[in-house]
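# Structural overview for review
Chain by chain, the residues:
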Amino acid sequence: MPCATSCVEALKRKSLTASVIIFCTDLHVLCRSYNMIQPFILAIFLLLSTTTTEAVVAELSSPTFEMFVARFGKAYETMDDFMQRRRIFEKNVEEIVQLNKESSSVLHGINQFSDLTHSEFEARNLLDNDVLKKLLAQRNSLSLSTSFKALDATPGAHNWFSKATTPIRNQGQCGSCWAFSTVEQVESDWFLSGKSGWSKPIELSVQEVVDCDKTDAYACGGTYAGSGSGYDYITKNGGLASESSYPYTSGKTGHEGQCNKTASPVGGQIRNFSYAIKPCDLPWDDCTHQDEDALVQYVGTRGPLSICANARSWPAYKSGVLHDCGGFDHGSLDHCVQLVGYSGYDGKSAKTSGEAGAYWIVRNSWGTTWGDGGFIYLAMGNNTCGLADVPSFALV
């Protein structure tokens, strides 16, 4: 459907609220990539009253940074900072337009990261490369890979989100994705074990892991879920406190807090962790032979998995299936998330399924304003973004 028609239909269904204007602003960005600015504005003009039209045309004809600021609650200390962020925003919008021209399977858009440079985004949201290199240099191949027997016939599609997971969270300005990925996996495995007594998964404290795990973990500097660090802490601690009793604060402060050693565990008692398939964790391995068929069997019949991926191409992701992240060897992994499902498996192989459009469903920790309500979809069959390098789960 043409951009102009899409927004007109939306305006017919709704009054001219801020959300509608924001929706049209996003469409405006997309229309720019197809040289449809004039038809888009003309359609709005014909539909709305003169006064309202002038306001909308003014919004769409000028940079939308002010709307971005209002939408995401941004605040800048000085006018110089405001103007600098505006320039970065406008440059990012140009890049988004170009990305949408170049890709037919993925849609990129404006989100809470659109006023950050690439280096700022990576520093705040991804794992520190120096930390990861240090961890890799210290490690030999892990021997914890496990074989498992699928509980049922592998379905063509499955999604554990909400059935065996907690809601989407937001790590904020802290590279604590490793802690979120680990804690979310423990929440799921503890619930699915039947030992929790919970009627639904309960949020356990990510902040406790960030504050208290000092073994090969660097708080907001990160580690990766496949290192076992977070699992080790939870195992030795006898579980975790609840999120409500030990809430997450590092997203605002950008650093860890003082470990609260008096926090009482309410769940998540695990024996350690293992892998769903043989991990690819050596610097010289290109990780091109990871067993995604076994991964489908695990996710389709057992539960979600904690994974790490190369997320440098994710900042402006909005929807669609991502096929390439630029690298999938173990040295490229810089973000940890939770693999919660898949769709389109043909029952034969992950490779042929992916060629026909099958994809993995990945839950992120950047809030619901990022991606498709907090999710990203990665193509199946080619170890997209390295998702199959270190898929782990908790042993309960």
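Counting restarts for each chain: residues are numbered from 1 in the order of the written sequence. Local features in this predicted model are restricted to residues of pLDDT 70 or higher, and side-chain atom pairs are both shown and tallied only at a pLDDT of 80 or more, whereas totals for entire chains, interfaces and linings draw on every residue. The basis for the side-chain values is all heavy atoms of the structure; hydrogens and waters are excluded.

## Description of the overall build of the protein
Heads up, the rule is: Secondary structure elements follow DSSP: runs of H or I of four or more residues count as helices, runs of E of two or more count as strands, with numbering from the N terminus. For each residue, the accessible area found with a 1.4 Å probe, counting protein chains only, is set against the maximum for its type, and the residue is called buried under 20%, exposed over 50%, and partly exposed in between. Contacts were defined at the residue level, with two residues in contact if any of their heavy atoms lie within 4.5 Å. Per-residue accessibility takes into account occlusion by the displayed protein chains alone, with areas from the Shrake-Rupley method and a 1.4 Å probe.
In terms of regular secondary structure, the protein is built from 14 helices and nine strands. In the protein, which comprises 396 residues, the proportion classed as buried is 54%. Considering only contacts in the protein between residues 6 or more positions apart, those separated by 24 or more positions represent 77%. By element, 52% of the accessible surface of the protein is carried by carbon and sulfur atoms, the whole surface being about 17300 Å².

## Examining the environment of Glu-95
Looking at where Glu-95 falls in the secondary structure, it is placed in helix α6 (residues 79-102). Accessibility expressed as a relative area gives 28% for Glu-95, which makes it partly exposed. Residues Glu-95 and Gly-109, spaced 14 residues apart in sequence, show a C-alpha to C-alpha distance of 9.8 Å.

## Digging into the layout of surface pockets
Stated formally: Throughout, the protein atoms alone are placed on a 1 Å grid, and a set of points is a cavity if a 1.4 Å probe fits but cannot get out or a pocket if it is open with protein on both sides within 12 Å along at least five of seven lines; lining residues have an atom within 4 Å of a point. Grid points are joined across faces, edges and corners, and a volume is the space filled by probe spheres set on the points. Three classes are used: nonpolar for Ala, Val, Leu, Ile, Met, Phe, Trp, Tyr, Cys and Pro, charged for Asp, Glu, Lys and Arg, and polar for all others, with Gly counted as polar.
Estimated volume of the largest pocket: approximately 470 Å³. Around the largest pocket, the lining comprises 20 residues; the ones closest to its centre are Lys-74, Gln-112, Asp-115, Arg-124 and Gln-173. Among the elements of the structure, α6 and α7 (118-125) are those that each provide at least two residues to the lining of the largest pocket. Class assignment of the residues belonging to the lining of the largest pocket gives a composition of six nonpolar, nine polar and five charged. Each pocket or cavity is described by its volume, and for the second largest pocket that value is around 380 Å³. Along the wall of the second largest pocket there are 22 residues; nearest its centre are Leu-99, His-108, Ser-313, Pro-315 and Ala-316.

## Focus on the state of the cysteines
Our working rule: Any two cysteine sulfur atoms within 2.5 Å of one another count as a disulfide.
In total, this model carries five disulfides according to the counting rule given. Disulfide pairing places Cys-174 opposite Cys-220 at an S-S distance of 2.0 Å. Because the sign of the S-S torsion sets the handedness, a value of about -100 degrees for the bond joining Cys-174 and Cys-220 places this disulfide among the left-handed ones. Here Cys-174 is found in the loop between β2 (158-159) and α9 (177-192), whereas its partner Cys-220 is found in the loop between α10 (206-212) and α11 (229-237), with 46 residues between them in sequence. Summarising the burial analysis for this pair, Cys-174 and Cys-220 share the class buried. Disulfide pairing is shown between Cys-212 and Cys-259; the S-S distance is 2.1 Å. Residues Cys-212 and Cys-259 are joined by a disulfide whose S-S torsion is about 100 degrees; by sign, that bridge is right-handed. Here Cys-212 is found in helix α10, whereas its partner Cys-259 is found in the loop between α12 (250-253) and β3 (272-275), with 47 residues between them in sequence.

## With respect to the packing of α9 against α11
Think of two packed helices as two axes; the pair is described by the angle between the axes and how far apart they sit. So the rule is basically this: Axes here refer to lines fitted to C-alpha atoms; in helices the fit is confined to the stretch in contact. Angles between the N-to-C directions go from 0 to 180 degrees. By definition in this entry, angles of less than 35 degrees are roughly parallel, angles greater than 145 are roughly antiparallel, angles of 65 to 115 are roughly perpendicular, and the rest are oblique. It is the rotation of the near helix from the far one that decides the hand of a crossing: anticlockwise by less than a right angle makes it left-handed, clockwise makes it right-handed.
One can describe the packing of α9 onto α11 by two numbers: an axis separation of 9 Å at closest approach and a directional angle of 50 degrees. Of the possible angle classes, the one that applies to α9 and α11 is oblique. As for how α9 packs across α11, the hand of that crossing is right-handed. Two secondary-structure elements touch here, α9 through Trp-178, Thr-182, Gln-185 and Val-186 and α11 through Gly-230, Tyr-231 and Ile-234. Taken together, the residues that form the contact of α9 with α11 break down as four nonpolar, three polar and no charged.

## A few points about the packing of aromatic side chains
Here a ring pair, both rings aromatic, is described through the centre-centre distance and the interplanar angle of the planes. Inclusion rule: Stacked, edge-to-face and tilted are the three classes for Phe, Tyr and Trp ring pairs, Trp counted by its six-membered ring, which pair at centre distances within 6.5 Å; planes under 30 degrees apart are stacked, over 60 edge-to-face, the rest tilted.
Taken as a whole and assessed by the stated rule, the structure comprises 22 aromatic pairs. Relative to Tyr-345, the ring of Tyr-342 has its centre 6.4 Å away and its plane inclined at 80 degrees; by these criteria the two rings are edge-to-face. On the basis of an interplanar angle of 65 degrees and a centroid distance of 5.4 Å, the ring pair of Tyr-359 and Tyr-377 is categorised as edge-to-face. Of this pair, Tyr-359 sits in strand β7 (residues 359-363) while Tyr-377 sits in strand β8 (residues 375-379), and the two are 18 residues apart along the sequence. Taken together through their ring pairs, the aromatic side chains of Phe-65, Phe-68, Phe-72, Tyr-76, Phe-82 and Phe-89 make up a single cluster.

## Digging into the nonpolar core
Note the cut-off: Joining through side-chain atoms within 4.5 Å is the link that ties buried Ala, Val, Leu, Ile, Met, Phe, Trp, Tyr and Cys residues into a set, and such a set is a nonpolar core.
Ranked by internal contacts, the top residues of the largest apolar core, which has 79 residues, are Leu-295, Leu-305, Trp-314 and Trp-360. No other element matches the eight residues that α9 contributes to this core. Look past the residues within four positions of Leu-305 in its chain and what remains in contact with it is Gln-185, Ala-276, Leu-295, Tyr-298, Val-299, Val-337, Gln-338, Leu-339, Pro-391, Ser-392 and Phe-393.

## So, the side chain of Ser-188
Considering the arrangement of structural elements, one finds Ser-188 in helix α9. Exposure remark for Ser-188: the relative accessible area of 0% places this residue in the buried category. When residues no more than four places from it in sequence are discounted, the contact partners of Ser-188 are Ala-164, Thr-165, Pro-304 and Gln-338.

## Observations concerning the pattern of salt bridges
Let me state the cut-off plainly: What makes a salt bridge here is a side-chain nitrogen of Lys or Arg within 4 Å of a carboxyl oxygen of Asp or Glu, nothing more.
Tallied over the entire structure, the rule returns 10 salt bridges. In this structure, the salt-bridge partner of Glu-187 is Arg-169, at a minimum N-O distance of 3.0 Å. On the criterion of sequence distance, the pair formed by Glu-187 in helix α9 and Arg-169 in the loop between β2 and α9 is long-range, its members being 18 residues apart. Here the two residues Glu-187 and Arg-169 agree in accessibility, since each one is buried. We note a salt bridge from Glu-203 to Arg-169, for which the minimum N-O separation is 3.8 Å. Remark: Arg-169 occurs in the loop between β2 and α9 and Glu-203 occurs in the loop between α9 and α10; sequence separation between them is 34 residues. Look at Arg-169 and you get buried, because its relative accessible area is 8%. Three or more residues joined by partner-sharing salt bridges are found here, namely Glu-66, Arg-86 and Glu-90.

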